[in-house]
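Breakdown of the fold
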Amino acid sequence: MTEIRYLAPGSLDEAVKAFAAASGAASILAGGTDLLVQMRAGVRQPGTIIDIKKIPALTAIEELGGGAFRIGAAVPGAVLAEHPTFGKAWPGVLEAINLIGSKQVQGRASPGGNLCNGSPAGDSVPAMVAAGAVVTIQGPNGGRELPVEAVPAGPGRLNLTPGEIVVSFTFPDRPKGSSDAYLRMIPRTEMDIAVVGLAVNLSMDGGVVTAARVGLGAVAPTVLLVGDAAAALVGSRLEDAALEKAADACRAACNPINDKRGTIAYRTKVAGVLLKRVAAIAAQRAGGN
Amino acid sequence: MAKIHVSTTINGEPLEYLCDASASMLDILRGPLGLTGTKEGCGTGDCGACSVTVDGRLMCSCLMLAVEAEGKQIGTIEGMAQGGELHPLQQKFLEMAALQCGICTPGVLISARSLLEKNPDPTEEEVRFGLAGNLCRCTGYDKIVRAVMETAAEMREAAR
């Protein structure tokens, strides 16, 4: 193996400069739960590893008021779980992040890494899509923002330009009566990759849905924002007809593969089932807020 | 390229080593540092045999670069017994024979200690979830789970 350089810059500027200077030969290290495995397997052989965990913006959890948060892309799931208020405002996002791997993996794995790994089955991604989270990106040509759903381009591919680093996720204000939930279908009870993952984020007023977002994972080359499913829920009291219409929209959005984890027919059917279950959980939680 | 100098603390002892950038914490623990109590199973973060704590947080040492230990507090199985006295979990695992081949045991113990620090009174389900990142191919987990539950009960009693 050729020698690898390790850099742990203390500022975003330094990290961006180093990343751009390496012109594709560098890998970003957050928790390393994907990178170190890929290096070991020989799938990735970076010339330089840029550890971003010494950059304050990458590891901060900022409460912005009204349920809004900005979380650093490299914050590990275990740290987020210990935050006193994040999980109250965004229980669906937290439960999705905390589903990634074991307790050991939670000590390292981050939502930024989950997004940048580019897997259509990443658990945190549908939840952040449903949450309406915005990604702050920094690159050699400055900063920009993208909605989470605009970042993945396909399995293992991102809509980032060379030298760009995902810095943080901003979660919007939380109106009263809002909550979210995430469920994934796996054949076991733990430690597995989603066959289907689905998140619902709801705002409710007097039992009526006033706003909704639905994120759907593992059934297409990228995680999807299912606008038709959300539209079917808005204005409803989550009656059976509205839920069935939203489930139809989720099934229609599916463009899955057949693989060892699930067939096309199975994944499509489960997407509809999960929509109903997740909407019910989100609504129950929203009632308590 | 020159090796990287790392200053860290392992089981409370300040320690320095030189490593390649690509070396995992596990490589350095088991190699140059001779702390072979931490085991290598899968090397991909699935089995938990290499579990350690870093600043008190449970991690797989195979998923951490050795250079990342700079300035951190690393806890390994070698630091679990205090002055020749076994940790209550270690004692209970022996009494209840909660191991067979023993390869997973150091990782299981580190995980179980971490679990009980956060949750001194776990349900069986919580123990099973807490240890889900530690694979054991011998015991079927039953004795491990019972030993952890029993230790938790005794530690609660002792703390009263």
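Everything that follows concerns the structure shown earlier in this document.
Residues numbered from 1 in each chain as written. Chains lettered and ligands numbered in written order. Predicted model: local features only at pLDDT ≥ 70, side-chain atom pairs only at ≥ 80, totals over all residues.

**Things to note about the overall build of chain A**
- Scanning chain A from N- to C-terminus turns up 12 helices and 14 strands.
- Relative to the 2.2 N^0.38 estimate, which gives 19 Å for 289 residues, the radius of gyration of chain A is 19 Å and therefore close to what a compact globule would have.
- Across its three principal axes, chain A shows a C-alpha extent of roughly 60 × 45 × 35 Å.
- Counting every position in chain A, which comprises 289 residues, the buried fraction comes to 53%.
- Look at the contacts in chain A between residues 6 or more apart in sequence, and 64% of them connect residues 24 or more apart. (Helix = DSSP H or I, 4+ residues; strand = E, 2+ residues; numbered from the N terminus. Rg over C-alpha atoms; globule rule 2.2 N^0.38 Å. Buried ≥ 20, exposed ≤ 12 C-beta atoms within 10 Å, placed from the backbone. Contact = placed C-beta atoms within 7 Å.)

**Overview of the pairing of strand E2 (residues 26–29) of chain A**
Residue and element names in this part refer to chain A.
- Neither face of E2 is left uncovered, since the one carrying Ala26 and Ile28 and the one carrying Ser27 and Leu29 both have all their residues buried.
- Here E2 pairs with strand E3 (residues 48–51) via 4 bridges, running parallel. Bridging from a neighbouring strand, Ser27 pairs with Ile49 of E3.
- Once the chain exits E2 it traverses helix H2 (residues 35–41) before rejoining the sheet at E3, and the crossover so formed is right-handed. (Pairing = 2+ DSSP bridges. Right-handed = clockwise from strand over helix to strand, strands pointing away.)

**Considering the packing of helix H11 (residues 240–253) of chain A against helix H12 (residues 264–287) of chain A**
All names here are of chain A.
- Direction vectors running N to C along H11 and H12 enclose 140°, while the axes themselves pass 8 Å from each other. Classified by the angle their axes make, H11 and H12 are oblique. The crossing of H11 and H12 is right-handed. Where H11 abuts H12, its residues Leu243, Ala246, Ala247, Cys250 and Arg251 lie against Thr268, Ala271, Gly272, Leu275, Lys276 and Ala279.
- Broken down by class, the residue content of the contact of H11 with H12 amounts to 7 nonpolar, 2 polar and 2 charged. (Axes fitted to C-alpha atoms, helices over the stretch in contact; angles between N-to-C directions. Parallel < 35°, antiparallel > 145°, perpendicular 65-115°, else oblique. Left-handed = near helix turned anticlockwise from the far one by under 90°. Nonpolar A, V, L, I, M, F, W, Y, C, P; charged D, E, K, R; others polar.)

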